[in-house]
Amino acid sequence: KQVRAAWTEAVKQRPRPAAAAELEKKLKPIFTAHGVPKELFWLAEIESSFNPKARSPAGAVGMFQLMPRTAQSLGLSTWPFDERKNPEKSAAATARHLRELCQQFNDWPLAVAAYNAGAGRVKSKLDAKRKTFDDIAPKLPTETQMYVPKLNAILQLREGTTLEQLQKPS
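Residues numbered from 1 in each chain as written. Predicted model: local features only at pLDDT ≥ 70, side-chain atom pairs only at ≥ 80, totals over all residues. Heavy atoms only, no water.

Peer 1: Give me the packing of aromatic side chains: which residues, what numbers.
Peer 2: The final tally for this structure, using the stated rule, is four aromatic pairs. Arranged with centres 5.7 Å apart and planes meeting at 55°, the rings of F31 and F64 form a pair that is tilted. Taken together, the positions of F31 in helix α2 (residues 20-33) and F64 in the loop between α3 (43-48) and α4 (68-73) put the pair 33 residues apart, joining distant regions of the chain. As far as the burial class goes, F31 and F64 line up, both buried. When the centroid spacing of 5.7 Å and the interplanar angle of 85° are considered together, the rings of W42 and F50 count as edge-to-face. With respect to burial, W42 and F50 carry one shared label: buried. By way of ring pairs, the aromatic residues F41, W42 and F50 are connected into one cluster. (Phe/Tyr/Trp six-rings, centres within 6.5 Å; stacked < 30°, edge-to-face > 60°. Helix = DSSP H or I, 4+ residues; strand = E, 2+ residues; numbered from the N terminus. Buried < 20%, exposed > 50% of the residue type's maximum accessible area, 1.4 Å probe, protein only.)

Peer 1: Before we move on, could you go through the packing of helix α6 (residues 108-117) against helix α9 (residues 142-159) and cite the residues and values that matter?
Peer 2: The contact between α6 and α9 brings their axes to 9 Å, and the two run at 130°. Taken together, the axes of α6 and α9 are oblique relative to one another. Of the two elements, α6 crosses α9, and the hand of that crossing is right-handed. Here P109, V112, A113, Y115, N116 and A117 of α6 come into contact with α9, specifically with E143, T144, Y147, V148 and L151. Looking at the contact of α6 with α9 residue by residue, the classes come out as eight nonpolar, two polar and one charged. (Axes fitted to C-alpha atoms, helices over the stretch in contact; angles between N-to-C directions. Parallel < 35°, antiparallel > 145°, perpendicular 65-115°, else oblique. Left-handed = near helix turned anticlockwise from the far one by under 90°. Contact = heavy atoms within 4.5 Å. Nonpolar A, V, L, I, M, F, W, Y, C, P; charged D, E, K, R; others polar.)

Peer 1: I'd love a proper account of the environment of V3, names of residues and values included.
Peer 2: Mapping V3 onto the fold places it in helix α1 (residues 2-11). Assessed through its relative accessible area of 36%, V3 is described here as partly exposed. As a C-alpha pair, V3 and P149 span 146 residues in sequence and 6.6 Å in three-dimensional space. Those residues in contact with V3, other than ones at most four positions away along the chain, are Q145, M146 and P149.

Just distances and angles here, no functional claims.
Take a look at the structure:
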C-alpha cells in the first residue's frame, strides 16, 4: 500500500512522453483487437518511455521490452531483423502475451507481475493463503514489487483507472 502511494505521488507531475500521442492512436486499437484493455498500452511508458529501440542489459528489446525467447514464442523474429523494434508487431505480441497471462492468473495485477518476473516465478509464490499480488509481492523480486504499483500509478494518471478495474479477457 505504501509503495502504491509513493508511486502515485512520484508520477503525479510526470508529463506525457512526447512519442505517446502518435503511438497511442496506432497501438491502442491493437490491444483492443487482441481482447486486452487498450489502457495497457501505457506499459510501454514504464518499460521504455516509448522508445522502440530500447535495449536492456538483460537482452530485452523494444518499447515493451520483450526478451528474445518470449518474443520468438509470440511469433516475432529476432534475426536478421528484430521485430521487437517494430511498434505495431511488438504491441500485438505484448497484447497476446498479456491476454495469456491474464487468462492464466485471472487477475491483471498478477498477469502484469508475471509479465515482469515470469509466469513460473509468480505461480510458484501462489498457494491457498497467498492468492493476490499484494499477498505475494514481498516474495517477488524488488523490481516486480515496484513494477505493478508503478503501472497502476501511470494508469491512474493517464486513464483514471487501475489494473484491478480493467476488464479481464473472456
